[in-house]
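Geometric and topological summary
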Amino acid sequence: MKIKSLIISAVAAAALPVAAGAAGVEVRLGAKGAAEIPPTLYGLFFEDINYAADGGLYAEKVINRSFEFPQSLMGWNVSGNVEVRSDGPFDRAPHYVRLSPSGHRHKHTALENEGFFGVSAEKGKEYRLSLWGRAEGSDSARIRVEIADPASMGETHVLAKADIRVAPGDWRKYEVTLKPSHTVEKGRLRIFLVHPDRTVDLEHISLMPADTWKGRRNGLRADLAQKLADLHPGVFRFPGGCIVEGTDLDSRYRWKNTVGPVENRPVNENRWHYTFAHRFYPDYYQSGGLGFYEFFELSEDLGAAPLPVLSVGLSCQYQNNGEECHVPVDSLQPYIDDALDLIEFANGDTTTVWGGLRAEMGHPAPFGLKYIGIGNEQWGPEYVERLKPFISAIRSRYPDIRIVGSSGPNPDGERFDMLWEAMTDLGADLVDEHFYRPEDWFAKSPSRYDSYSRKAPKVFAGEYACHGKGKKYNHFNAALLEAAFLTGVERNADIVEMATYAPLFAHVEGWQWRPDLIWFDNLRSMPTSSYHVQKLYADNKGARVAPVTLTGADSTLFVSAVTDANGDIIVKAVNLSDAPVPLDFTFNPGKNRKLKAQASPAAVTVTTLHAGAMDENTLECPDKVKPAVSEAAYAGETLTLPAKTFAVYRFTH
Ligand code: AHR
């Protein structure tokens, strides 16, 4: 970057009373100009990759529930007389199935849904089966719905069942509650036509747990959403990275297709179903059930600032070369309108078109959108020239919205420098940086932001993860390096406004990209060591940066500190070396007498994250790497930071 300056405060080493062999950690309290910690600093990046939405966070258990996949019966096994028709009640999702007599009283006409790697159901819980139906002719027709366990013999084969009498005439919605007799991970949902001489039409067949997170009907899987809530995210970015762009413009994410009644949302191809040929998932589509309304609602529930990212009119530049693949600059208006309409959807009053739709969907109050990203991981002059008209249109209608631009896929180099300069010139408020990098890069990068300009746009470290070698999920050493890196983010909270690890979720059977923060199967989920790092930072975010001076420390010790609104002093320290490091803390109130009491804490809570370098959590052993907490009175003792450990010291009074 051409615009850099170095501002690091220093205190004379000689002033610090350091025990022999110990490192001195002097924390300056009430330092003039010390930055406030932005509420958005630690956040979440959500993308529907690795079956993160359908088959993951979105609690729907039926795949291709509306028969809208290009192969209408994908995910469904059929028997007897099943016909796909396309004049259904929902104009943007018009397909449905007609179940007619099989022609023989001993043959069933039936449907069976495979779910996402199976249809899972748990004993003791309730599931809402809903569908739209109508019987042909003048009589009602009976159907039977079942959750079945194909692997189970005998009586446990059918876990739950119910009959529904479908009336003739208009389409109506039906709902029954199913209570499984035992738990199944890879079950099936089956629907039989019971009357052998009647015909019935069925549409939008859905199976949702009743105990979704916060009990919402079009809801989220409770264990996964809770893991997000436990991270207390300050910002929630959606709907992702590359899926914003699509493989081509046709498959780009279109937020307007994801709002309104859930039955009437068209599916979109999920580019991750084929992006990596060695992880090919031909049934990976986006139902839109977890759409923009639900993302805003989730952000609100999490207490996080929503950060939607929209297409800038460029299809994914990795897969598309040449201007002909992108929207010409003079034809961008519909894309710009998408951005303006989205702001209206989130914030507009209920008399506006899009604010009115939000109200109709159940949220008359504005969502309080403050940020918008334009373009995902774009680069080159083709990005800059397209971003420009977006910025002027948004600024002129919504001057308070903060706009996030991109610095491309690499965290340095000519392209990166050019984009930072261009984002500065265009007046972007934040610049999104991406770095999926190996261990040695992270070990060298905790000082990355120390030398950034204080006058340029703010930094959004929007996608990052340490890609450690050799493990399936994510090993502890990678997480330790992320913790070291985050000391630099915290220290530079005056210019880093947000940081989000990526990707967030992965299904153990359906992943395309790893490492990821949270892994799950159909019944279980587990936090990785990186998750614990994120949580320790978020739980100990504090209110204001407290500058730190280290003395007698070698280059494998990384430290940052903050003070909390209640006066607590929180120090994060990462020891990358193979030897323990004794730490001598001093708290320097400067000349401010009012801070003298704060400078003499009476107790310390130490939370450590430590494990073998290659240790990782798994679904079978989800707590192999987890934090340990201890509390003690404190009277200035030396505290020893073990080798290869991340520790959070919270000093209280
Ligand atoms: O996080 C996975 C992908 O990495 C994102 O979709 C994209 O923005 C980046 O290349």
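Residues numbered from 1 in each chain as written. Predicted model: local features only at pLDDT ≥ 70, side-chain atom pairs only at ≥ 80, totals over all residues. Heavy atoms only, no water.

Time to look at unusual backbone geometry. Looking along the chain, the bond that leaves A502 and enters P503 is cis, with omega of -15 degrees. Positionally, P503 belongs in the loop between β22 (496-501) and β23 (505-507). Cis geometry marks the peptide bond from R514 to P515, where omega comes out at 5 degrees. Within the fold, P515 resides in the loop between β23 and β24 (518-520). With phi around 60 degrees, Y51 is a residue other than glycine that occupies positive phi space. Its place among the elements puts Y51 in the loop between β2 (42-45) and β3 (76-79). Within the chain, H204 stands out as a residue other than glycine whose phi angle is a positive 50 degrees. Relative to the helices and strands, H204 is located in strand β13 (residues 200-209). (Helix = DSSP H or I, 4+ residues; strand = E, 2+ residues; numbered from the N terminus.)

The four strands lie next to each other as β27-β1-β30-β33, forming an open sheet whose pairing is mixed. In this open sheet, the two edge strands, each paired with only one partner strand, are β27 (548-551) and β33 (639-641). With strand direction ignored, the average angle separating the axes of adjacent strands in the sheet is 30 degrees. As judged from the four bridges shared by strand β1 (residues 23-28) and β27, these two strands associate in the antiparallel manner. Note that in β27 the partner of V25 across the bridge is L550. (Pairing = 2+ DSSP bridges. Axes fitted to C-alpha atoms, helices over the stretch in contact; angles between N-to-C directions.)

So, about the pattern of salt bridges. Across all of its chains, the model carries 36 salt bridges by this definition. When the shortest N-O distance is used, the salt bridge between E297 and R216 registers 3.5 Å. One end of the pair, E297, is in helix α3 (residues 292-302); the other, R216, is in the loop between β13 and α1 (222-229), with 81 residues separating them in the sequence. Residue classification places E297 among the buried residues on the basis of a relative accessible area of 13%. For R216, a relative accessible area of 28% puts it in the partly exposed group. (Salt bridge = Lys/Arg side-chain N within 4 Å of Asp/Glu carboxyl O. Buried < 20%, exposed > 50% of the residue type's maximum accessible area, 1.4 Å probe, protein only.)

With that settled, the discussion passes to α1. Turning to α1, its buried residues number three or more, namely L224, A225, K227, L228 and A229. Here the buried face of α1 lies against β2, α3, β23, β24, β25 (525-527) and α10 (529-539). (Contact = heavy atoms within 4.5 Å.)

With that settled, the discussion passes to helix α5 (residues 353-360). If you check which residues of α5 are buried, you get W354, G355, G356, L357 and R358. Turning to α5, the residues buried within the fold contact α3 and α4 (333-347). Phi turns positive one or two residues past the end of α5, at G362, with a value near 120 degrees.

Let us now look at the site of the ligand. Around the ligand, the neighbouring residues are E47, G241, C242, W272, N376, E377, H434, Y436, E463, P503 and W513. In the environment of the ligand, an oxygen atom lies 2.8 Å from a nitrogen or oxygen atom belonging to the backbone of C242. Here the ligand, which alone exposes 290 Å², has 96% of that area covered by the protein. When its residues are assigned to classes, the shell around the ligand shows five nonpolar, three polar and three charged. (Near = heavy atom within 4 Å. Polar contact = N/O pair within 3.5 Å; in protein donor to acceptor, adjacent residues only side chain to side chain. Areas by Shrake-Rupley, 256 points an atom, 1.4 Å probe, with all protein chains shown as cover. Nonpolar A, V, L, I, M, F, W, Y, C, P; charged D, E, K, R; others polar.)

On to the packing of α4 against α5, then. For any two helices packed against each other, the geometry comes down to the angle between their axes and how far apart the axes lie. Running from amino to carboxyl end, α4 crosses α5 at an angle of 45 degrees, the nearest separation of the two axes being 7 Å. One way to sum up the angle between α4 and α5 is to call them oblique. The handedness of the crossing between α4 and α5 comes out as right-handed. Two secondary-structure elements touch here, α4 through D341, E344, F345, A346 and N347 and α5 through V353, W354, G355, L357 and R358. A per-class count over the contact of α4 with α5 returns five nonpolar, two polar and three charged. (Parallel < 35°, antiparallel > 145°, perpendicular 65-115°, else oblique. Left-handed = near helix turned anticlockwise from the far one by under 90°.)

Considering all chains together, one arrives at five cavities of 30 Å³ or more under this definition. Along its surface, the largest cavity is lined by 21 residues, and N64, R65, F69, V267 and S287 are the ones closest to its centre. Here the lining of the largest cavity is composed, by residue class, of 10 nonpolar, five polar and six charged. Empty space within the second largest cavity amounts to approximately 70 Å³. As for the second largest cavity, its lining consists of W213, R216, N218, G219, L220, E294, E297, L298 and D301. Partitioned by chemical class, the residues of the lining of the second largest cavity number three nonpolar, two polar and four charged. (1 Å grid on protein atoms, 1.4 Å probe; cavity = no way out; pocket = protein on both sides within 12 Å on 5 of 7 lines; lining within 4 Å. Points joined across faces, edges and corners; volume = space filled by probe spheres on them.)

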